[in-house]
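# Examining the three-dimensional arrangement
Below, each chain spelled out in residue letters.
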Amino acid sequence: MSLTLYFLRHGQTECSRNNSFCGSIDSELTPEGLEMAKAFAEAYTSKDWTAIFCSPMRRTVLTAKPLCEAIKIKPQLRDGLKEINYGKWEGKTPEIISREYHDDYIRWSADPAWNGPTGGEMAVTIASRALQVIEEIKQNYTSGNVLVVSHKATIRILLCSFLGIDVGRFRFRLGCPVASVSVVEFSSHGPLVKVLADRSHLDERLLNLPGT
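Counting restarts for each chain: residues are numbered from 1 in the order of the written sequence. Given that this is a predicted model, residues contribute local features only at a pLDDT of at least 70 and side-chain atom pairs are listed and counted only at 80 or more, while totals for whole chains, interfaces and linings are drawn from all residues. Note: side-chain values were computed over all heavy atoms of the structure, leaving out hydrogens and water.

Our next topic: the environment of Ala-127. Relative to the helices and strands, Ala-127 is located in helix α6 (residues 123-140). Spatially, the C-alpha atoms of Ala-127 and Ile-157 are 6.1 Å apart, while their sequence positions differ by 30 residues. Every residue pair with non-hydrogen atoms within 4.5 Å of one another is taken to be in contact. Setting aside residues no more than four positions away along its own chain, Ala-127 makes contact with Ile-157, Ser-161 and Val-167. Segments assigned H or I by DSSP are reported as helices when at least four residues long, segments assigned E as strands when at least two residues long, and all are numbered from the N terminus.

Right, let's talk about the packing of aromatic side chains for a bit. The description of two aromatic rings rests on the distance between their centres and on the angle between their planes. Only centres within 6.5 Å qualify two rings of Phe, Tyr or Trp (six-membered ring in Trp) as a pair; their planes then separate them into stacked at under 30 degrees, edge-to-face at over 60, and tilted for everything else. Tallying each qualifying case throughout the model produces 14 aromatic pairs. Ring geometry for Phe-40 against Tyr-44: centres 4.4 Å apart, planes inclined by 20°, an arrangement best described as stacked. With Phe-40 and Tyr-44 both in helix α2 (residues 31-44), this residue pair falls four residues apart, about one helical turn. Measuring from ring centre to ring centre gives 6.2 Å for Phe-53 and Tyr-141, while their planes differ by 80°; the resulting arrangement is edge-to-face. One end of the pair, Phe-53, is in strand β2 (residues 49-54); the other, Tyr-141, is in the loop between α6 and β4 (144-150), and 88 residues separate them in sequence.

Quick look at the pattern of salt bridges now. When a carboxyl oxygen of Asp or Glu is within 4 Å of a side-chain nitrogen of Lys or Arg, the pair counts as a salt bridge. Considering all chains together, one arrives at eleven salt bridges under this definition. Here Arg-58 makes a salt bridge to Glu-28, at a shortest N to O gap of 2.8 Å. With Arg-58 in helix α3 (residues 58-71) and Glu-28 in the loop between α1 (14-18) and α2, this residue pair connects regions lying 30 residues apart in the sequence. Accessible area is worked out with a 1.4 Å probe on protein chains only. A residue is then buried under 20% of its type maximum, exposed over 50%, and partly exposed in between. A residue is classified by how much of its surface remains accessible, and Arg-58, at 39% relative accessible area, is partly exposed.

Right, here's the structure in full:
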């Protein structure tokens, strides 16, 4: 039996709804975001879960909470699963950042692997810390289903790492909308991405909400 990781992005927040950068901001879920968390739990409660790992931010912990309560598993919180720290860009939209930090934004847009947001983290830094968590999971759980609740950029950077895609391309190669699930199976052949950004557990109203 192989190890299968389910990467779940947190539900809707005010920042995701408004398309503003949110990394170190410890935002809450919107009411719709809480509905997304409940919808995920309802769809996935019957799966045989081995463990749940979670970014310690409120939006990820609240997303994991309904499933954790339903299956009586305590989430294991890891700082390595946090979102990019966007530095001085936190809470601002791309339009504002392009105007106020134009040169930094151009460099970051061209190659976020080695160019961080103003005062923030580079994608290679996120890859390093997040992959440490994945290695911990692989060492402690050789088989079964493990849920990893994290963030938009962090999940995409991890998926790029698994697929051999330059992490500097994470923003333009893989989608990761709110409450989406991507599934990666680990075997002797390495990681196999079996599902990307699935949201079939959400109803039409939640699927069509504005934001990212």
